[in-house]
Amino acid sequence: QVQLVESGGGLVQPGGSLRLSCAASGFTFSKYTMRWYRQAPGKERELVAFISSAGGSTNYAEAVKGRFTISRDNGKNTVYLQMNTLKPEDTAQYYCNAAGIDYWGKGTLVTVSS
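Residues numbered from 1 in each chain as written. Predicted model: local features only at pLDDT ≥ 70, side-chain atom pairs only at ≥ 80, totals over all residues. Heavy atoms only, no water.

1. Quick look at the nonpolar core
Counting 30 residues, the largest nonpolar core has Phe27, Trp36, Val79, Leu81, Met83 and Tyr94 as the members making the most contacts within it. For this core, the elements supplying multiple residues, two or more each, are strand E3 (18–25), strand E4 (34–39), strand E5 (46–51), strand E7 (68–73), strand E8 (78–83), strand E9 (92–98) and strand E10 (108–112). The contacts of Leu81, once residues within four sequence positions are left out, are Leu18, Arg19, Leu20, Trp36, Val48, Ala49, Phe68, Thr69, Ile70 and Tyr94. (Core = buried A, V, L, I, M, F, W, Y, C linked by side-chain atoms within 4.5 Å. Buried < 20%, exposed > 50% of the residue type's maximum accessible area, 1.4 Å probe, protein only. Helix = DSSP H or I, 4+ residues; strand = E, 2+ residues; numbered from the N terminus. Contact = heavy atoms within 4.5 Å.)

Here it is in structure tokens:
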């Protein structure tokens with residue numbers, strides 16, 4: 001019944017931007033901290049950013065600070081990740097997740113290459 005549907009990935013050149021979206025259902029979205037993770041080939045899944053239930057607090061991995069922005073719209077049950085000044089090392093499958101709920105969607109692929 002829990003669903004997390006990521007979208008917005010694609011191929012971009014270094015320095016470009018993308019905005020990822022995650023549409024959630026099957027739980028009370030507004031009560032949960034939401035997180036973005038990514039996983040590159042051969043690497044562990046890593047936490048990229050998270051945002052508190054009402055959107056008042058955000059945190060970022062050091063590698064993306066100043067370039068990525070997490071936000072949410074509780075009226076639409078959607079969390080976003082705005083990614084600017086993309087680098088090749090940002091290439092990964094990106095996933096959203098609700099803190100405390102062990103469910104993962106398919107993710108969306110971001111490829112940064114010239």
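Okay, back to it.
2. Side note on the sheet that holds strand E6 (residues 58–60)
Within the open sheet, the six strands sit side by side as E2-E10-E9-E4-E5-E6. Their pairing is mixed. If you trace the sheet from one side to the other, it starts and ends with strand E2 (10–12) and E6, each paired once. Neighbour to neighbour, the strand axes of the sheet diverge by 25° on average, direction disregarded. Relative to E5, E4 is paired through five bridges, and the arrangement is antiparallel. Among the inter-strand pairings, Tyr37 is bridged to a residue of E5, identified as Leu47. (Pairing = 2+ DSSP bridges. Axes fitted to C-alpha atoms, helices over the stretch in contact; angles between N-to-C directions.)

The values are spatial; any link to function lies outside them.
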